[in-house]
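What follows is each chain in one-letter form.
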Amino acid sequence: MQFFIDTANLDQIREANELGILDGVTTNPSLMAKEGIKGRASILKHYVDICEIVDGPVSAEVLSTDYEGMIAEAHELAGLHKNIVVKIPMIKDGIKAIRYLTDNGIPTNCTLVFSAGQALLAAKAGATYVSPFIGRIDDTSNDGLQLIEQIVNIYRYHGFETQVLAASIRNVNHIVKCAELGADVITSPLPSILGLLYHPLTDLGMAKFIEDTRKMEL
Ligand code: G3P
């Protein structure tokens, strides 16, 4: 399973990358706005900055909501760097755009996916990745992980090549469960990735080892 970081914060991307476990990055308009990025030129430069940190797929989202606008933006984004994946929303024009981009060799990430039916459409259109938002589904008192299981099963059964990219990850359990369920990729904020490091017995064990190391008077 691949690990992507879900942020547009360059320091956090560097920190995850330096761990040596990072395979890619996903961003969205909310994450870009959070970093205070304003204007088209700054947006494009920020994607290039991210691509220069991480040697892997970087999802950059279109801001248009109509087919022509999405295609024009997709060409501009894809031209920035070889690792750009164009993120397209799950709307009618988005599906048309994914089909066009797939046919023209531009990788896509279909975002804002909340049902198996939407994931099926994204796969039919040839999306490289599909992004079910599991945390936001949990927020509605439904089970986001169940959707991951459903999509993984459908894709496996029918041999779709679209990769299941579990998004809207909120905790360590989401990451571990996605691994168990066979998600191809998780994209997570840094705290949940770092959360995988911790176990109280590791802390206790380390404290004891450090104490006993002192006894050996190195
Ligand atoms: O990048 C899309 C997705 O991961 C957003 O997550 O936490 O805003 O629901 P969140």
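All of the points below concern the structure found in this document. Source: prediction; values computed, not measured. (Residues numbered from 1 in each chain as written. Predicted model: local features only at pLDDT ≥ 70, side-chain atom pairs only at ≥ 80, totals over all residues. Heavy atoms only, no water.)

**Quick look at the pairing of strand 3 (residues 58-61)**
- Along strand 3, one buried face is formed by Val58 and Ala60 and the opposite face, lined by Ser59 and Glu61, is buried too.
- Note: strand 3 against strand 4 (residues 84-89), four bridges, orientation parallel. Of the residues in strand 4, the one forming a bridge with Glu61 is Lys87.
- Remark: the strand 3/helix 4 (residues 67-78)/strand 4 crossover connection has right-handed handedness. (Buried < 20%, exposed > 50% of the residue type's maximum accessible area, 1.4 Å probe, protein only. Helix = DSSP H or I, 4+ residues; strand = E, 2+ residues; numbered from the N terminus. Pairing = 2+ DSSP bridges. Right-handed = clockwise from strand over helix to strand, strands pointing away.)

**Section: the sheet that holds strand 2 (residues 24-26)**
- Ordered by their spatial adjacency, eight strands build a closed barrel running 1-2-3-4-5-6-7-8, and the pairing between neighbours is parallel. Shown here is a sheet whose adjacent strand axes are inclined to one another by a mean of 30 degrees, direction ignored.
- When strand 5 (residues 108-113) meets strand 6 (residues 129-132), the two strands line up parallel, connected through three bridges. Note on strand 6: the bridge partner recorded for Val113 is Pro132. (Axes fitted to C-alpha atoms, helices over the stretch in contact; angles between N-to-C directions.)

**A word on the site of the ligand**
- Around the ligand, the surrounding shell consists of Asp6, Asn28, Lys87, Phe133, Arg136, Ala167, Ser168 and Arg170.
- For the ligand, whose accessible area on its own is 310 Å², the fraction buried by protein is 83%.
- Within the shell around the ligand, the residues separate by chemical class into two nonpolar, two polar and four charged. (Near = heavy atom within 4 Å. Areas by Shrake-Rupley, 256 points an atom, 1.4 Å probe, with all protein chains shown as cover. Nonpolar A, V, L, I, M, F, W, Y, C, P; charged D, E, K, R; others polar.)

**Describing the nonpolar core**
- Within the largest apolar cluster, 60 residues are counted, with the highest numbers of intra-cluster contacts made by Val86 and Cys178.
- In terms of nonpolar packing, the next biggest core, distinct from the first, is built from five residues, Phe4, Val85, Tyr129 and Leu165 among them. (Core = buried A, V, L, I, M, F, W, Y, C linked by side-chain atoms within 4.5 Å.)

**Re the environment of Phe209**
- Among the structural elements, Phe209 can be located in helix 11 (residues 200-215).
- Sequence-wise, Phe209 and Asn171 are 38 residues apart; in three dimensions their C-alpha atoms are separated by 29 Å.

**Let's talk about the pairing of strand 6**
- Burial along strand 6 is two-sided: Tyr129 and Ser131 and Val130 and Pro132, pointing in opposite directions, are all buried.
- Regarding topology, helix 6 (residues 116-124) serves as the crossover connection from strand 5 to the parallel strand 6, and that connection is right-handed.
- The pairing of strand 6 with strand 7 (residues 163-166) spans two bridges and is parallel. Bridge pairing in strand 7 links Tyr129 to Gln163.

**Some details on the packing of helix 4 against helix 5 (residues 92-103)**
- It is at 9 Å that the axes of helix 4 and helix 5 come closest, and there the two elements cross at 40 degrees. Between helix 4 and helix 5, the interaxial angle falls into the category oblique. Seen from above, helix 4 lies across helix 5 with right-handed handedness. Taking contact as the criterion, the partners of Tyr67, Met70, Ile71, Ala74 and His75 in helix 4 are, on helix 5, Asp93, Gly94, Lys96, Ala97, Tyr100 and Leu101.
- By residue class, the composition of the contact of helix 4 with helix 5 is seven nonpolar, two polar and two charged. (Parallel < 35°, antiparallel > 145°, perpendicular 65-115°, else oblique. Left-handed = near helix turned anticlockwise from the far one by under 90°. Contact = heavy atoms within 4.5 Å.)

**Focus on the environment of Glu73**
- With respect to the helices and strands, Glu73 occurs in helix 4.
- Looking at Glu73, the relative accessible area reads 8%, which means it is buried.
- Between the C-alpha atoms of Glu73 and Leu63, which are ten residues apart in sequence, the distance is 7.9 Å.
- In contact with Glu73, other than residues within four places in its own chain, are Arg40, Glu61, Val62, Leu63 and Ser64.

**Brief notes about helix 3 (residues 40-53)**
- Relative to the 20 Å expected for 14 residues at 1.5 Å per residue, helix 3 spans 21 Å between its end C-alpha atoms, a close match to the ideal helical length.
- The complete set of buried residues in helix 3 reads Ile43, Leu44, His46, Tyr47, Ile50, Cys51 and Ile53. (Expected span 1.5 Å × (residues − 1).)

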